[in-house]
Amino acid sequence: MPNYKYATLAVHAGQHPDPLTGAVNVPVYLSSTFELTGIGTDRGWDYSRAGNPTRDRLEMALAALEGGTCGHAFASGMAAIYGLVATLHAGDHLICSHNVYGGTARLFNEIVCHYGIDIRYVDMADLDAVQAAIQPNTKLIHVETPTNPLMSLTDIAAVCRIAHARGIEVSVDNTFMSPVLQSPIALGADIVMHSTTKFLNGHSDGLGGALIGTRPEHKERFSLVQKAAGGILSPFECYLVLRGIRTLPLRMNQHEENGRAVAEFLATQKKLMRLAYPGLKTHPQHELAMKQQKGFGSMMSFDLGSREAAGRFLGAIKVFLHGESLGGVESLASQSATSTHASLTDEEREAIGITPGLVRISVGIEDKEDLIADLEQALEAV
Ligand SMILES: Cc1ncc(COP(=O)(O)O)c(C=O)c1O
């Protein structure tokens, strides 16, 4: 793609008109198989697990948005993380951010650990701890920044410097920021991972995941995982993500404006504690957010003190919907202990600060005045 600016890229990368018909939208190729032109020859596709024309276009768009060299679309964000670790071997060591999305921890603790892969969780806000956790067999450092739901940040460039000095790759879960607000590859990351279910799709109507690589061996490895394990995104859902991407920069502007307004309002509220939003000066890593992010996004969390208080708040919201997930046009709120981190034990949750009163909100693109009025009336119920 020429050196286009971001909104142009979002509309056009991978989304050029269909060469056959001129259609300005990418056609949905609902074909599991493709006619072969001879023995061992085809028109570029033979079977949709290995490759599909609609998926190819999405993968091109994802690579362009993240500044990578290859994109790979998976059936969900979790399938993408599984694809990432599927390239490790028994005896390898993996370092992961310590308060990651609970589903990532569930995958690592209940499945990947049985493959002979040693997993170590580290508070990546502490670079000395990252350095100290590295072993001779460390192959990958997986960073989630900001973390879900505590909004703790990792200095991507600094972790990459530490890792690369020891020949270790760094992958970054960029789901919370979207490619618009954070560019891990420009900061040195080797691989970017997304749950496209969130901001990239943007409309809460399809699950999906992605890995974006930077080297020919990434393309080889991730294509093999797609073809061999088969956890790929369907053509129709690829189309939905492609459609979402076209308005991603526009939506992110509104998420950002609303996120800041809601966080500033919440900061004035006495009933909540531990408000975590990197855009507030009170966030301990506000300076890092200013340095490595292009905005602060619309994800935040706060503690209402008890499960009962969180329940009253969630029962009272009207514009915000009480539901899991994030990054859609609609505002959502949920109690983290029973949603994103339900798979952890009480002790594990307590160790990373997921208290019973912790509520996470994803601020949508509605009018911010309505969102603030809704939060105000719901907080009165607490
Ligand atoms: C940061 C993060 N990574 C990964 C995932 C998993 O994505 P999916 O639900 O698409 O499998 C989620 C889901 O909430 C998430 O928040």
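Look up a bit, the structure's there.
Cut-offs applied
Residues numbered from 1 in each chain as written. Predicted model: local features only at pLDDT ≥ 70, side-chain atom pairs only at ≥ 80, totals over all residues. Pairing = 2+ DSSP bridges. Helix = DSSP H or I, 4+ residues; strand = E, 2+ residues; numbered from the N terminus. Contact = placed C-beta atoms within 7 Å. Axes fitted to C-alpha atoms, helices over the stretch in contact; angles between N-to-C directions. Parallel < 35°, antiparallel > 145°, perpendicular 65-115°, else oblique. Left-handed = near helix turned anticlockwise from the far one by under 90°. Near = placed C-beta within 6 Å. Nonpolar A, V, L, I, M, F, W, Y, C, P; charged D, E, K, R; others polar. Core = buried A, V, L, I, M, F, W, Y, C linked by C-beta atoms within 7 Å. Buried ≥ 20, exposed ≤ 12 C-beta atoms within 10 Å, placed from the backbone. Domains from an automatic or database assignment. Right-handed = clockwise from strand over helix to strand, strands pointing away.

Take the sheet that holds strand β9 (residues 299-303) next. Each strand in a sheet pairs with its neighbour through backbone hydrogen bonds, running either in the same direction (parallel) or in the opposite one (antiparallel). The five strands are arranged β8-β9-β12-β11-β10 in an open sheet whose pairing can be described as mixed. Taken across any chain shown, the strands that pair with only one partner, and hence form the sheet edges, are β8 (273-276) and β10 (321-322). Across five bridges, the pairing between β9 and strand β12 (residues 358-362) is antiparallel. For M300, the partnering residue across the bridge sits in β12 and is I361. Relative to the sheet, helix α12 (residues 307-316) contacts β10, β11 (332-335) and β12, its axis offset from that of β11 by approximately 155°.

The next thing to look at is the packing of helix α3 (residues 77-85) against helix α4 (residues 102-110). The relative placement of two packed helices comes down to the angle between their axes together with the axis-to-axis distance. Where α3 contacts α4, the two axes come as close as 10 Å, and the packing angle between them is 40°. Taken together, the axes of α3 and α4 lie oblique to each other. Where α3 crosses over α4, the two elements pack in a sense that is right-handed. In this structure, α3 contributes M78, I81 and Y82 to the contact, and α4 contributes G103, T104 and L107.

In the region of the ligand, 14 residues are neighbours, and S76, G77, M78, S195 and T197 sit closest. Grouping the constituent residues of the shell around the ligand by class yields four nonpolar, eight polar and two charged.

On to the nonpolar core. Residues V159 and M193 are the most contacted members of the largest nonpolar core, which totals 98 residues. Residue-level mapping places this core at the junction of two domains, with at least three residues from each of domain 1 (6-246) and domain 2 (248-380). Every residue in contact with V159, bar those within four places of it in the chain, is listed here: M124, V130, I141, V143, T154 and V170.

Turning to the pairing of strand β5 (residues 169-173), a few remarks are in order. Every regular strand shows the same layout, with side chains that alternate between the two sheet faces. Counting buried positions along β5 yields five of five residues, so the element is predominantly enclosed. The alternating pattern of β5 places E169, S171 and D173 on one face and V170 and V172 on the opposite face, and all of these are buried. Relative to β5, strand β4 (residues 138-144) runs parallel, the two sharing five bridges. Considered in β5, the bridge of L140 is made with E169. Crossover β4 to β5 through helix α6 (residues 156-165) is right-handed. As defined by bridge partners, β5 adjoins strand β6 (residues 191-195) across three bridges and the pair is classed as parallel. Bridge pairing in β6 places V172 opposite V192.

Honestly, it's all geometry; don't read function into it.
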